[in-house]
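Coordinate analysis (summary)
If you want the building blocks of each chain, they are given just below.
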Amino acid sequence: MSPDPGSVLFVCLGNICRSPMAEAIFLHKARERGVHTRLVVDSAGTGAWHVGNRADPRTIEVAGRFGIEVPSIARQVRSPQDFDEFHWIIAMDRANHRDLLSLGAAKHRVHLMRSFDRTLGVDEATAEVPDPYYGEGDGFLRVFEMLDRACDGLLDRVLGEE
Ligand code: 4NP
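First, a word on scope: everything that follows refers to the structure included in this document. (Residues numbered from 1 in each chain as written. Predicted model: local features only at pLDDT ≥ 70, side-chain atom pairs only at ≥ 80, totals over all residues. Heavy atoms only, no water.)

Comments concerning the site of the ligand
Around the ligand sit C12, L13, G14, N15, I16, C17, R18, H50, D131, Y133 and Y134, and those are all the residues in its vicinity. The contact in question runs from an oxygen atom of the ligand to an N or O atom on the side chain of H50, over 2.7 Å. Within the side chain of Y134, a nitrogen or oxygen atom sits 3.5 Å from an oxygen atom of the ligand. For the ligand, the accessible surface in isolation is 360 Å², of which the surrounding protein chains cover 93%. Of the residues contributing to the shell around the ligand, the split by class is six nonpolar, three polar and two charged. (Near = heavy atom within 4 Å. Polar contact = N/O pair within 3.5 Å; in protein donor to acceptor, adjacent residues only side chain to side chain. Areas by Shrake-Rupley, 256 points an atom, 1.4 Å probe, with all protein chains shown as cover. Nonpolar A, V, L, I, M, F, W, Y, C, P; charged D, E, K, R; others polar.)

Quick look at the structure:
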């Protein structure tokens, strides 16, 4: 069976920083637009280190500043189940993208998150959402801002192709 066209899986490495934040922002925007019941949204990591854990406290804190809760519990990408279940598989960086293809995801289903950011030029379409885990300072806020912009474009695409 083909996956539901309104199904979106966000993927990063650990599933505690970028992809749970993306999932929460995307759902928040969908709720604001009253379309969330048409969507199936989840996140997962290519790595297994944090399986069963809540999102990183810095992810929860930054999203909370914008009134967004991050309820995610980390899990690893499941092959082939996730690739049968999700129409849109959204990688945060090129390593995630490559790993998803190695795990068996179909190339036409896997997209880089920032390719949906309409404020970026064409030659920036392969830009990555950098891993903030080991960074300092405002890394999580910068990631939030990147995800926020990309989610606007992604939500329009998903709703437009349902
Ligand atoms: P994420 O960040 O991929 O955005 O969740 C990371 C979190 C943890 C690790 C790497 C990246 N780690 O190596 O534990």
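Next comes the rest of the account.
A short note on the sheet that holds strand β1 (residues 4–12)
Strand order in the open sheet formed by four strands is β2-β1-β3-β4, and the pairing between neighbours is parallel. Each having just a single partner strand, β2 (40–45) and β4 (110–112) make up the two edges of the open sheet. The average angle at which neighbouring strand axes cross in this sheet is 30°, direction not considered. Both strand β3 (residues 86–91) and β4 contribute to a ladder of three bridges, which runs parallel. Each residue of the ladder has a partner; that of A91, found in β4, is L112. This element, helix α1 (residues 18–32), spans β1 and β2 of the sheet and lies at about 145° to β1. Its contacts with the sheet place helix α4 (residues 94–102) against β1, β3 and β4, and it is angled at close to 175° to β4. (Pairing = 2+ DSSP bridges. Helix = DSSP H or I, 4+ residues; strand = E, 2+ residues; numbered from the N terminus. Axes fitted to C-alpha atoms, helices over the stretch in contact; angles between N-to-C directions. Contact = heavy atoms within 4.5 Å.)

Section: the environment of L100
Counting through the fold element by element, L100 comes out in helix α4. For L100, a relative accessible area of 0% puts it in the buried group. Expressed as a C-alpha distance, the spacing of L100 and V77, which sit 23 residues apart in the sequence, is 8.5 Å. For L100, the residues in contact, after removing those within four places along its chain, are V11, V77, F83, I89, A91, A105 and V110. (Buried < 20%, exposed > 50% of the residue type's maximum accessible area, 1.4 Å probe, protein only.)

Notes on the packing of helix α2 (residues 57–65) against helix α5 (residues 139–160)
Packing of α2 against α5 leaves a shortest axis separation of 10 Å and a crossing angle of 55°. Judged on the interaxial angle alone, α5 and α2 are oblique. Where α2 crosses over α5, the two elements pack in a sense that is right-handed. In this structure, α2 contributes R58, T59, V62, A63 and R65 to the contact, and α5 contributes F140, L141 and F144. In terms of residue class, the contact of α2 with α5 is built from five nonpolar, one polar and two charged. (Parallel < 35°, antiparallel > 145°, perpendicular 65-115°, else oblique. Left-handed = near helix turned anticlockwise from the far one by under 90°.)

Things to note about the side chain of R109
For R109, the location among the structural elements is in the loop between α4 and β4. E161 provides the closest opposite charge to the buried, salt-bridge-free R109, at an N-O distance of 7.8 Å. (Lys, Arg positive; Asp, Glu negative; His and termini not counted. Salt bridge = Lys/Arg side-chain N within 4 Å of Asp/Glu carboxyl O.)

Focus on α1
Look at α1: 21 Å from first C-alpha to last across 15 residues, which is about the 21 Å you get at 1.5 Å a residue. Of all the 15 residues making up α1, 11 are buried; the element is thus mostly covered by neighbouring parts of the structure. Turning to α1, its buried residues number three or more, namely R18, S19, P20, M21, A22, E23, A24, I25, F26, K29 and A30. Its buried side turned inward, α1 meets β1, β2, α2, α4 and α5. Just beyond α1, the residue with positive phi is G34, at close to 70°. (Expected span 1.5 Å × (residues − 1).)

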